[in-house]
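Observations on chain architecture
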Amino acid sequence: GDLGEIENNKNAVDFCAFMYEMTKGEIPAIFCRGNHDTRGNYAPELPLYVGMNGYNGYFTFNYKGFNGIVLDCGEDKTDDCISYGGGAAFHEYRLEENKFIESVARDGCKFNVALCHIGFMLKTNMYAEFDIERELYSKWAESLNKIRPSLMVCGHTHERAFDLACDNQIQPFNYPVLTGGSLNEKDITASLITFYKDKIDVKAVDKSGVSDSGIVIDKIS
């Protein structure tokens with residue numbers, strides 16, 4: 001997510017070209033919409049170009065036994081915020097998404113990974129004007145705790161981090177949370193995540209290559 005604001009058809013095509021450059025059309029890619037991807041005059045048409053659940057950015061997936069749940073917070077500020085014209089309507093969207101998350105939790109599903117661009121369970125994401133939907137997100141958090149994915153992967157803050165349930169939580173969570181990449185003027189750092197039968201290995205990747213050391217997570221049974 002957060003590949004850019006979509007103002008026209010070319011932006012959407014460039015979005016797909018960027019994905020193709022990485023995958024060559026041979027590696028499955030999961031699109032997890034970020035708040036910037038919701039902006040721009042052509043943003044409502046983006047679901048026609050990328051894999052989503054119709055016009056919804058939340059869904060589950062299963063590929064050769066590797067499965068996950070993808071969530072979508074939409075914008076990172078209230079719907080009436082002037083930063084994007086005050087014309088957003090994501091509160092109702094999140095209410096509908098809550099029904100989806102609750103239904104998945106009731107089904108007793110267990111997932112290798114959960115993806116959400118905004119880590120709504122972390123204080124480092126939810127502060128000042130970005131601290132929104134506290135009551136609704138508490139319901140999301142409750143359902144995710146029932147689902148208890150082996151790993152939650154987020155983005156948004158441009159700072160790579162790893163959190164267990166700790167002082168950084170604004171909503172209680174019982175699964176490890178990886179903020180997967182960092183961005184500054186000099187470099188981009190991503191995360192290489194390898195899932196094994198009994199563990200998850202997370203390493204940093206930048207222009208110098210893959211780090212020798214990393215984080216090892218015991219998978220949740």
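Just above, that's the structure.
Owing to the predicted nature of the structure, the values given are computational and were not obtained by experimental measurement.

1. So, the overall build of the protein chain
Within the protein chain one finds 3 helices and 10 strands. Listing each helix as α and each strand as β along the protein chain from the N terminus yields α-β-β-α-β-α-β-β-β-β-β-β-β. Radius of gyration (C-alpha) of the protein chain: 17 Å, near the 17 Å computed for a compact globule of 221 residues. In terms of its C-alpha atoms, the protein chain occupies a principal-axis envelope of roughly 45 × 40 × 35 Å. Residue burial in the protein chain is summarised as follows: out of 221 residues, 43% are buried. A fraction of 63% describes how many contacts in the protein chain between residues 6 or more apart in sequence connect residues 24 or more apart.

2. A look at the side chain of Arg 94
Position of Arg 94 among the secondary structure elements: in helix 2 (residues 90–106). Relative accessible area serves as the criterion here: at 1%, Arg 94 is assigned to the buried category. If sequence neighbours within four positions are ignored, Arg 94 has contacts with Cys 73, Glu 75, Lys 77, Ile 132, Glu 133, Leu 136, Tyr 137 and Trp 140.

3. Observations concerning the pairing of strand 8 (residues 188–195)
Along any regular strand the residues' side chains alternate between the sheet's two faces. Sheet analysis places strand 7 (residues 182–183) next to strand 8, joined by 2 bridges and oriented antiparallel. Bridge pairing in strand 8 links Leu 183 to Ile 188. The antiparallel hairpin formed by strand 7 and strand 8 contains 4 residues in its connecting segment. Inspection of the sheet shows strand 8 paired to strand 9 (residues 199–206) by 6 bridges, in the antiparallel sense. Its bridge partner lying in strand 9, Ile 193 is registered against Val 202. Taking the residues that link successive antiparallel strands as the turn, the strand 8-strand 9 hairpin has 3 residues.

About the cut-offs
Residues numbered from 1 in each chain as written. Predicted model: local features only at pLDDT ≥ 70, side-chain atom pairs only at ≥ 80, totals over all residues. Heavy atoms only, no water. Helix = DSSP H or I, 4+ residues; strand = E, 2+ residues; numbered from the N terminus. Rg over C-alpha atoms; globule rule 2.2 N^0.38 Å. Buried < 20%, exposed > 50% of the residue type's maximum accessible area, 1.4 Å probe, protein only. Contact = heavy atoms within 4.5 Å. Pairing = 2+ DSSP bridges.

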